[in-house]
Amino acid sequence: MEAKAIAKFIRISPRKVSIVLDLIRGKDLELAMAIVKHTPKAASEPLAKLLKSAAANAENNHHMSADKLYVKSCYVCPGPVLKRVMPRAQGRAFRILKRTSHITVVLGERE
């Protein structure tokens, strides 16, 4: 049995999100929440919200015990890229890529 939560179109680069996801993969829910809460990264705030959502899904929709939950899997996929233009010297224009992420967290129940 597993519970899933997905956050789409988060305005942060997938590369930055994956750094924090690597820290919590396989950990118990309480430990994962503590790690995310005390990690000084931009991705920590949406990840904390996503972990809470996955835990609520597990308890309410799948009737899983909150004490036995752990992060079964978590991954990030790139979303659409917003393309912007930055004016540069001598009339040139450089492209700025504002990346977005689709983050998925799957919680499982330990035996």
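In this text, all values refer to a predicted model and were calculated from it rather than measured experimentally. (Residues numbered from 1 in each chain as written. Predicted model: local features only at pLDDT ≥ 70, side-chain atom pairs only at ≥ 80, totals over all residues. Heavy atoms only, no water.)

### Remarks on a positive patch on the surface
Argument step 1. There is a patch of like positive charges on the surface, built from Arg 11, Lys 16, Lys 41, Arg 84 and Lys 98.
Argument step 2. Residue placement: Arg 84 occurs in strand β3 (residues 82-87).
Argument step 3. What makes Arg 84 partly exposed here is its relative accessible area of 40%. (Patch = residues over 30% accessible without salt bridge, like charges linked within 9 Å, V, L, I, M, F, W, Y side chains within 5 Å. Areas by Shrake-Rupley, 256 points an atom, 1.4 Å probe, with all protein chains shown as cover. Salt bridge = Lys/Arg side-chain N within 4 Å of Asp/Glu carboxyl O. Lys, Arg positive; Asp, Glu negative; His and termini not counted. Charge placed at Lys NZ, Arg CZ, Asp CG, Glu CD. Helix = DSSP H or I, 4+ residues; strand = E, 2+ residues; numbered from the N terminus. Buried < 20%, exposed > 50% of the residue type's maximum accessible area, 1.4 Å probe, protein only.)

### Section: the state of the cysteines
Argument step 1. Inspection of every chain in the model, using the stated rule, returns 0 disulfides.
Argument step 2. As a non-bridged cysteine, Cys 77 has Cys 74 as the owner of its nearest cysteine sulfur, 12 Å distant.
Argument step 3. A residue is classified by how much of its surface remains accessible, and Cys 77, at 33% relative accessible area, is partly exposed. (Disulfide = S-S within 2.5 Å.)

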